[in-house]
Amino acid sequence: MAGTDTGVGAEKDGSTVAEQPRDAYGLAGLEAGLDALDSVRSGRTPLRETLIRKVLPPVTAVVLVLAGWQLLVWANVAPDYKLPAPADVWGEVRAAWLQGTLVGYIWTSVSRGLLGFLLALAIGTPLGLLVARVAFIRAAVGPVLSGLQSLPSVAWVPPAVIWLGLDDSMMYAVILLGAVPSIANGLVAGIDQIPPLFLRAGRTMGATGLRGAWHIVMPGALPGYLAGLKQGWAFSWRSLMAAEIIASSPDLGVGLGQLLENGRNNSSMPQVFLAIFLILLVGVAVDLLVFSPLERWVLRGRGLLVTRPA
């Protein structure tokens, strides 16, 4: 009995039965993983889950910051004219709202920032394509774009005032000089990360020139391009605030940067904190309402969006 081969312990190819279930289990695990990827929930997220995961954390952070701020005020770590209480800043918000100037402050800056960013987008996108696809232009312009991106935007305000005067064109010039290099460099980085096989396949199918740029290059470079757009908006907003703080004129109106400077001139820390709060609020709102949905859309389209299990 012990010397007979019943076929249980070995197969014709020499593999043992103990090895075969292990391979089978591995294939089963792989199939289970693929099935889990295919079965990712795509339905609408429940309201309660959205509130817990996306609304509760920032609200908690804001409450903790306000509590810490109030504790510092109660501890008298600084005089009132240096560190106002949250209630004093809220009083400044309420006064600006009742006077009807609060929305005007925000709209003056937001309208300039959005228009300047759109202009930077129209200039930076074709510039990035040229730099990425034409070797001579890349060698000539690429280092200049990198240098401009590292140059503080506030450095452009004095020459812009001298060249263009105290009007909106000066504001837009500062925004363009701050945002165009970031958008162009982001697109160049995205194009550099496209697998060469995609480009060769596109050329084989006749996607060359503008058609190739639209159907192959831009979709392939979208993650890097979107990162450049996000950074370009940040540079646009910062450049605009620097221009509004330094250049003041009745013809320019009162934006958030000018409101901040007025608070400094009036030695009104509640007004200074109000301006800082509004500048931060606009930046967070644009990121949450514009760029975060775009990022999720790009990641979802590439199967990279991580969906946590229920």
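Residues numbered from 1 in each chain as written. Predicted model: local features only at pLDDT ≥ 70, side-chain atom pairs only at ≥ 80, totals over all residues. Heavy atoms only, no water.

Orientation of helix H3 (residues 86-99) relative to helix H4 (residues 102-133), taken along the N-to-C sense of each, is 90°, at an axis distance of 6 Å. Judged on the interaxial angle alone, H4 and H3 are roughly perpendicular. Along its contact with H3, which presents Val-93, Ala-96 and Trp-97, the element H4 presents Leu-102, Val-103 and Tyr-105. Class assignment of the residues belonging to the contact of H3 with H4 gives a composition of 6 nonpolar, no polar and no charged. (Axes fitted to C-alpha atoms, helices over the stretch in contact; angles between N-to-C directions. Helix = DSSP H or I, 4+ residues; strand = E, 2+ residues; numbered from the N terminus. Parallel < 35°, antiparallel > 145°, perpendicular 65-115°, else oblique. Contact = heavy atoms within 4.5 Å. Nonpolar A, V, L, I, M, F, W, Y, C, P; charged D, E, K, R; others polar.)

This part covers the confidence of the model for the protein chain. For any part of a model where pLDDT is low, the fine detail of the predicted coordinates should not be relied upon. Looking at the protein chain, the pLDDT average stands at 80 and 80% of residues meet or exceed 70. Summarising per-element confidence for the protein chain, the mean pLDDT is lowest in helix H1 (residues 19-38) (51) and highest in H4 (92). Throughout residues 1-22 the model reports pLDDT below 50, and contacts reaching past four residues in sequence, or to other chains, amount to 7 contacts. Confidence drops under pLDDT 50 across residues 36-42; counting only partners more than four residues distant or on other chains, this segment forms 6 contacts. (pLDDT = per-residue confidence, 0-100.)

By rolling a water-sized probe across the atoms, one finds the places where empty space is left. Across all of its chains, the model carries 1 cavity of 30 Å³ or more by this definition. In this structure, the largest cavity spans a volume of roughly 30 Å³. Contributing to the lining of the largest cavity are Arg-112, Met-171, Glu-244, Ala-247, Leu-252, Gly-253, Gly-255 and Gln-258. Broken down by class, the residue content of the lining of the largest cavity amounts to 3 nonpolar, 3 polar and 2 charged. (1 Å grid on protein atoms, 1.4 Å probe; cavity = no way out; pocket = protein on both sides within 12 Å on 5 of 7 lines; lining within 4 Å. Points joined across faces, edges and corners; volume = space filled by probe spheres on them.)

Our focus in this paragraph is the layout of surface pockets. A volume near 670 Å³ is recorded for the second largest pocket. Along the walls of the second largest pocket sit 18 residues, with Val-62, Leu-66, Phe-277, Leu-280 and Leu-281 positioned nearest its centre. Counting residues per element, the ones that place at least two in the lining of the second largest pocket are helix H2 (47-74), H3 and helix H12 (269-301). It is H12 that contributes the most residues to the lining of the second largest pocket, 9 residues altogether. A breakdown of the residues in the lining of the second largest pocket according to their chemical character gives 18 nonpolar, no polar and no charged.

Let's shift gears to the side chain of Asn-185. Among the secondary structure elements, Asn-185 is positioned in helix H7 (residues 168-192). Assessed through its relative accessible area of 17%, Asn-185 is described here as buried. Not counting chain neighbours up to four residues away, the residues in contact with Asn-185 comprise Leu-145, Ser-146 and Gln-149. (Buried < 20%, exposed > 50% of the residue type's maximum accessible area, 1.4 Å probe, protein only.)

So, on to the pattern of salt bridges. This model, assessed by the stated rule, comprises 6 salt bridges. Lys-230 is paired through a salt bridge with Glu-295; the nearest N and O atoms lie 3.4 Å apart. Highlighted residues: Lys-230 in helix H10 (residues 222-246) and Glu-295 in helix H12, separated in sequence by 65 residues. Given a relative accessible area of 30%, Glu-295 falls into the partly exposed group. Among the charged side chains, a salt-bridge network with shared partners connects Arg-112, Asp-168 and Glu-244. (Salt bridge = Lys/Arg side-chain N within 4 Å of Asp/Glu carboxyl O.)

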